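Examining the three-dimensional arrangement
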Amino acid sequence: MKKNEFGYWEHHWKAYIRDKCICVYCGFDGTIFENWRQLSIDHIIPEKEDGEDSLNNIAVACRRCNDNKGDFDPRGKAGKLNLSLTRENLLAKAKESTEQKNEKELPAFKAMMKEIKEQ
Ligand SMILES: [Zn+2]
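Treat the numbers as computed from the prediction; the structure is a model and nothing was measured. (Residues numbered from 1 in each chain as written. Predicted model: local features only at pLDDT ≥ 70, side-chain atom pairs only at ≥ 80, totals over all residues.)

What to know about the overall build of the protein
Secondary structure summary: the protein contains six helices and two strands in total. Starting at the N terminus and ending at the C terminus, the protein contains elements arranged as α-α-β-β-α-α-α-α. Dimensions of the protein, computed from the C-alpha atoms along their principal axes, are close to 50 × 40 × 20 Å. Here the analysis covers contacts within the protein between residues at least 6 apart in sequence; of these, 55% occur between residues at least 24 apart. (Helix = DSSP H or I, 4+ residues; strand = E, 2+ residues; numbered from the N terminus. Contact = placed C-beta atoms within 7 Å.)

Quick notes on unusual backbone geometry
One non-glycine residue with positive phi stands out, namely Lys-20, at about 60°. Residues other than glycine seldom take positive phi values, yet Asp-50 does so here, at roughly 70°. Take Asp-50: it is sitting in the loop between strand S1 (39-43) and strand S2 (58-62). Judged by C-beta crowding, with 9 C-beta atoms within 10 Å, Asp-50 ranks as exposed. (Buried ≥ 20, exposed ≤ 12 C-beta atoms within 10 Å, placed from the backbone.)

Details of the environment of Ser-97
Topologically, Ser-97 is positioned in helix H5 (residues 87-104). Looking at Ser-97, the number of C-beta atoms within 10 Å reads 17, which means it is partly exposed. C-alpha of Ser-97 to C-alpha of Pro-74: the two residues are 23 residues apart in sequence and 8.4 Å apart in space. In contact with Ser-97, not counting residues within four places along its chain, are Lys-69 and Phe-72.

Some points on H5
The end-to-end C-alpha distance of H5 is 26 Å, a good match for the 26 Å that 18 residues give at a rise of 1.5 Å each. Among all positions of H5, only Leu-90, Ala-94 and Thr-98 are buried. The arc that holds every buried residue of H5, seen down its axis, measures 55°, which confines them to one face. The exposed set on the far side of H5, more than 90 degrees from its buried face, consists of Glu-88, Ala-92, Glu-96, Gln-100 and Glu-103. Lining the buried residues of H5 we find helix H3 (63-69). (Expected span 1.5 Å × (residues − 1). Arc of directions from axis to C-beta.)

And the structure:
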């Protein structure tokens, strides 16, 4: 593995190009310079769970989604030995989990905005 002239691992750089700097989980647009640094590299199967740091196992995610996805393993307990799960299958499961966690933040966000308005 090599880093490019900008200090990016080459496979990470390729993921940003492949995923067009858009969060694969929520569609956050990192093509705007001010947003761009909010992007990160997610390991679809977490590295903790022996997910590879390879182009096939990484995806561009905004920091929020990456944080909310956390150590979620899209293979599930039963699927860990199922090697036929495709990248698309795994991404879909990871997306579902991340969307649910993102939605759980909404009440706190609404409460916070309400307090700001009321002060
Ligand atoms: Zn996102």
